[in-house]
Amino acid sequence: MAVELSPQIRILPGGEPRLLKGIGDLDPGSLAAVRKTGGYKGLTRSITKRSPEEVIAEVSAAGLRGRGGAGFPVADKWRAARSAPGDRKIVVANLMGADPTSLGDRTLAEGKPHLVLEGAIIAAAAVGASEAILAVRRDWTLAIERLKAAVADAEAANLAGYLILGTDVSVNVSVWEGSGAYVAGEETALIHALQGDRGMPLIRPPYPAERGLWGVPTVVHNAETLAHVAWIAGHSAAEFAKLGTRDAPGTKLVTIAGAVRNPGLSEVALGTSVDKLIGLAGGSTGTVKAAFIGGPGAGALAADELGGTAYDYGALGEAGGHIGSGSVLVTDAGTCMVATARFLLDFSAREACGKAVPCRIGTRRLVEALDRILAATPRPNDLVMLRELSMKIADTALCRLESLAPRPMLTTLDRFGDEYRAHAERGVCLAGSCSTDAVLPLLAPLAEAGGLRAW
Amino acid sequence: MRNDARWQEGVDEAWVDSLIDGYGGRPESLVAIFGAVQARYGYLPEPALRRISDRMTIHWAQVFGAAGLGGFRLLPAEGHLVTVCSCAACRFAGGDRILAALEEELGIRAGESTDDGSFTLETDANVGAGAIAPAVRIDTLVYGPLTVDEARHLIYARRAAQPAASRAPAS
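Remember, predicted model here, so these are calculated numbers, not experimental data.

Undergrad: Just checking my understanding: could you explain the pairing of strand β5 (residues 251-258) of chain A for this structure?
TA: Consecutive side chains of a regular strand alternate in pointing toward one face of the sheet and then the other. Residues and elements named next belong to chain A. Most of β5 is tucked away: eight of the eight residues are buried. Neither face of β5 is open: one carries Thr 251, Leu 253, Thr 255 and Ala 257, the other Lys 252, Val 254, Ile 256 and Gly 258, and all of them are buried. Where β5 and strand β6 (residues 264-269) come together, six bridges link them in antiparallel fashion. Residue pairing for β6: Leu 253 is matched across the bridge by Glu 267. Adjacent in sequence and paired antiparallel, β5 and β6 are bridged by five residues. In terms of strand pairing, β5 meets strand β9 (residues 327-332) through four bridges, oriented parallel. What sits directly across from Ile 256, in β9, is Val 328.

So this is what it looks like as structure tokens:
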């Protein structure tokens, strides 16, 4: 029986389906079917046979890093929260869909709600938390419905709630609807939003693992990370590390979109080359020019780098990209890099929460400078200013999203600087996609006279 | 376009109060309350937000801030709400051409409503449709991947189903 998922979700064939295995076939509403395929095995083992320290050691041995963007080692977060003083601790699952392009968390919540729930309970038991909150974007109605049903079923089967499976572990799980925003991808902003405050980040430290929701130690993970936790608990650390690289074991849900034949969600081993990811989506519809990797704060990789760059935390970071939300956007030869950078930067500027001045005003200034360049009316130092201001924004950033905001522009400036110069000096779009050619006659003489060549 | 008449429309304060009481008046239930108000009115009317602020004794700035950053509508949407996805995947797939075509077809810019109140056009990055880009959401239905002609056709179909004059703006 095929299970219906939201129409936005397409799961690609191929890859290394671990979390995605059986999704779309396995009925998420049937706890019996879920348990028959190994569901809640990890939870049972974790709370009846192992101490919390052993569970943390297993996750540590697996080398699991957060799949939500920052890639922080999961076991370190848990140790910090476990050793933090206080009786009350909370685990929060982030299902706010911060990056609108990324499909991973939503797909897991709709197709395998029990896996996310199991991971949340294992995490809560490991850090000594008696509450788990699944914070779901409020327009993901199907995900909310299925998670709520999963929680109710699990409670009825004594897999969640009070004294789980006859042990002294109690984890009260609730599903909360949250208002989605890009900044909710930042854990301190999410915590604010959950408290009913305006969703804005805080200076860290203290980290949420010490002082989080209502001031109590809080562990925030995205749904995918928690699903991996459940998988590791149900299998083993050694098995988890069979896929992926030594520094970045395991798999990652990747959304491949843009100029590809068959866009959608896939699960791949970390360390797979970016080229292969594009292959999973049926290849490019034209000639690949660049791939923007990591969501709205993506780093652009040029076509000739894609084959040699491994999709993991280290190699991708060195190349200028980052795993981020797990989205890979492919652009073809007909796409202007300046306009694309402007678009992504504008998203960050519009989604800026407003708390950090360099972000609120700086990103807006960057967009304006790019608009001037696109209109072939740059100020003499605009190209220099783009870099300097970007560095200042990154250096003074309050949150990670802010420090990443200028990255699409910086990485394209490095790789496709000729497109920026052609737009600025001659009003010509080298990709042929911008209609700024009309301003060319006016500005060409000035540019030729050297008036605009100050950079 | 802001329609002052609808902006000032009456809000059932007793209903808002019962809603708040149903959540025990806890500040963390703000989003759920906003969701219920928007489900009833189609947006968050200012009088309702004022009432929430008073009743829950949460400062107006915090109520308005939480609503503003939470992806809620603060202005009424008249008629069919046409949302063109503005996420990166949709843009790369030609979403900007779809938006231009719909702006031309409806004779309004994004963020405005037609004079007869039959359509409101907006953009939002969260139609959540990277795999079916470019996508358009009309009211609650998501369509994609669309060509420019198909997008226009979605408007024709709704015009045919509902004569424009039947939804005159409140005066």
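Undergrad: Is there a simple way to think about the interface of chain B and chain A in this case?
TA: Reports of interface size often rely on the accessible area that becomes lost once the parts have come together. In this assembly, 27 residues from chain B lie in contact with 39 residues from chain A. Both faces combined, the contact of chain B with chain A buries some 2700 Å², and carbon together with sulfur accounts for 60% of it. Three residues, Leu 69, Phe 92 and Ala 131 of chain B, lead the burial of chain B against chain A; their summed loss comes to 26% of the area buried on that side. One can count zero salt bridges joining chain B with chain A. If you look at where chain B meets chain A, you find five residue pairs in polar contact (both at pLDDT 80 or more).

Undergrad: Mind showing me how you'd approach the packing of aromatic side chains here?
TA: What characterises a pair of aromatic rings is the spacing of the ring centres plus the angle enclosed by the ring planes. Counting across every chain of the model gives six aromatic pairs over all chains. For the ring pair Trp 176 of chain A and Trp 214 of chain A, a centre distance of 6.0 Å and an interplane angle of 70° mean the geometry is edge-to-face. One end of the pair, Trp 176 of chain A, is in strand β3 (residues 172-178); the other, Trp 214 of chain A, is in the loop between α8 (187-194) and β4 (218-222), with 38 residues separating them in the sequence. Note on Trp 176 of chain A: relative accessible area 18%, which makes it buried. A residue is classified by how much of its surface remains accessible, and Trp 214 of chain A, at 33% relative accessible area, is partly exposed. Note that Lys 289 of chain A overlies the ring of Phe 416 of chain A, its terminal NZ or CZ placed 5.9 Å from the centroid. One Lys or Arg, Arg 50 of chain B, reaches over the ring of Trp 60 of chain B and ends 3.8 Å from the middle of that ring.

Undergrad: Honestly, the environment of Trp 78 of chain A in this entry has me stumped. Any pointers?
TA: Position of Trp 78 of chain A among the secondary structure elements: in helix α4 (residues 74-83). The buried category is assigned to Trp 78 of chain A, whose relative accessible area is 0%.

Undergrad: I would appreciate a short explanation of the confidence of the model for chain A in the present structure.
TA: Caution applies to low-pLDDT parts of the model: their predicted coordinates are not meant to be read in detail. All names here are of chain A. Taken over all residues, the pLDDT of chain A has a mean of 90, while the share at 70 or more is 95%. Ranking the elements of chain A by mean pLDDT puts helix α20 (residues 440-448) last with 41 and helix α6 (residues 113-127) first with 97. Between residues 436-455, whose pLDDT stays under 50, and residues either more than four places distant or in other chains, the model counts 33 contacts.

Criteria and thresholds
- Residues numbered from 1 in each chain as written.
- Chains lettered and ligands numbered in written order.
- Predicted model: local features only at pLDDT ≥ 70, side-chain atom pairs only at ≥ 80, totals over all residues.
- Heavy atoms only, no water.
- Buried < 20%, exposed > 50% of the residue type's maximum accessible area, 1.4 Å probe, protein only.
- Helix = DSSP H or I, 4+ residues; strand = E, 2+ residues; numbered from the N terminus.
- Pairing = 2+ DSSP bridges.
- Contact = heavy atoms within 4.5 Å.
- Buried area = accessible area lost by both parts, 1.4 Å probe.
- Salt bridge = Lys/Arg side-chain N within 4 Å of Asp/Glu carboxyl O.
- Polar contact = N/O pair within 3.5 Å; in protein donor to acceptor, adjacent residues only side chain to side chain.
- Phe/Tyr/Trp six-rings, centres within 6.5 Å; stacked < 30°, edge-to-face > 60°.
- Lys NZ or Arg CZ within 6 Å of the ring centre and 35° of its normal.
- pLDDT = per-residue confidence, 0-100.

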